[in-house]
Amino acid sequence: MSSFDKPTDHRMPQDAQSADSRSVTEAALFEAFGGVRGMVETTVPGLVFVAIYTVKRDIHVAAIAALGLSLVLGLARLVRKDTLKHAFSGVFGVAFGAVFAMMSGDAKNFYLPGMLYSLGLAIAYIVSSIVGYPLMGLILGPVFKENLSWRTRNPGRKVAYTKASWAWGLILLAKSAILFPLYWWGDATQLGWVKVALGIPPMLLSVYLTWIFLSKAPPPIDVFAEMEAAERAEREAKANATAR
């Protein structure tokens, strides 16, 4: 029985309920974002690129090395039968950057696709929060087996998802505000080293704030369990009617 399937016990001490909520939230965040390993895997190829480019000043060698490492990391996830989205998302991101840099002849363009993605994601987090569909809720709702029940049936969780989405959006905007001026006016090595330095810490802060907001929110409503219960009740009602 998973943590999501445990029946709510109102006699459970409040501290125990809070601890259980925190552990479930932590597990869901690790599943959604790939954990610390996923953060490292998105940072290391960029580190390899800037390190090799700093020494050799060869875009093709640096890009191919970064892409090769990303492929190895992706294959390792496949061998371990990890989630495919974590295995391929990093590979595609590095591949776009590598091709863009080699075609343009500008090493800074290795980082541009990722920077544009982060900026677009920041805008999506903020806009979705403003319109009442916080992106963090859309991402984590299926992970918690609550889908969109938080919008109408669990207002406390909607507030938590909105706060988390604002946190992600503002943190990513701050990151973009540092990186884009370097892209325009700095050189490739400056941009590369700063981007590597800004790889893991902002994401850790975003995940931590999300964990704080959700661990203090009401527990999710397991809509899958509700549907299964309704189906069982319907089958039992039909069986009783047939028996009569």
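Each chain carries its own residue numbering, running from 1 in the written order of its sequence. It should be noted that, the model being predicted, local features are given only for residues of pLDDT at least 70 and side-chain atom pairs only at 80 or more, the latter also being counted only at that level, while totals for whole chains, interfaces and linings use all residues. Values shown for side chains rest on all heavy atoms present in the structure; no hydrogens or waters enter the calculation.

K.L.:
Talk me through unusual backbone geometry; I want residue IDs and the actual numbers.
P.N.:
At R57, a position not held by glycine, the phi torsion is positive, near 55°. Runs of E in the DSSP output that reach at least two residues are strands. Runs of H or I that reach at least four are helices, and both are numbered from the N terminus. Here R57 is to be found in the loop between helix 2 (35-56) and helix 3 (59-79). Backbone geometry at K145 places phi at a positive 65°, although glycine is not the residue there. Any residue under 20% of the maximum accessible area for its type is buried, any over 50% is exposed, and the rest in between are partly exposed; the area is computed with a 1.4 Å probe on protein chains only. By relative accessible area, which is 25% here, K145 ends up partly exposed.

K.L.:
Residues and numbers for the side chain of E146, please.
P.N.:
One can find E146 in the loop between helix 6 (135-140) and helix 7 (149-152). In what follows, a contact means two residues having at least one pair of non-hydrogen atoms within 4.5 Å. With near-sequence residues (within four places) excluded, E146 lies in contact with G141, R157, Y161, P220, I221 and V223.

K.L.:
So what's going on with the environment of T54? Residues and values would help.
P.N.:
Considering the arrangement of structural elements, one finds T54 in helix 2. Spatially, the C-alpha atoms of T54 and A188 are 8.6 Å apart, while their sequence positions differ by 134 residues. Not counting residues within four places of it along the chain, the set of residues in contact with T54 comprises T189 and W193. A polar side-chain atom of T54 sits 2.5 Å from the main-chain carbonyl oxygen of V50. Nitrogen and oxygen atoms within 3.5 Å of one another constitute a polar contact, given that in protein one can donate a hydrogen and the other can accept it, and given that sequence-neighbouring residues count only through two side-chain atoms.

K.L.:
Outline a nonpolar patch on the surface, listing residues and values.
P.N.:
Residues qualify for a patch when their relative accessible area is over 30% and they have no salt bridge, like charges being joined within 9 Å and the nonpolar side chains of Val, Leu, Ile, Met, Phe, Trp and Tyr within 5 Å. Each accessible area is a Shrake-Rupley result for a 1.4 Å probe, and residues are judged covered by the shown protein chains and nothing else. Put simply, a salt bridge is a Lys or Arg side-chain nitrogen that is within 4 Å of an Asp or Glu carboxyl oxygen. Together, I123, V127, I130, V131, Y133, L138, L148, W166, L170 and L173 make up a nonpolar patch on the protein surface, roughly 890 Å² of accessible area in all. The set of elements that each furnish at least two residues to the nonpolar patch consists of helix 5 (112-130) and helix 8 (155-185). Of note, L138 is situated in helix 6. On the accessibility criterion, L138 (37% relative accessible area) is partly exposed.

Just distances and angles here, no functional claims.
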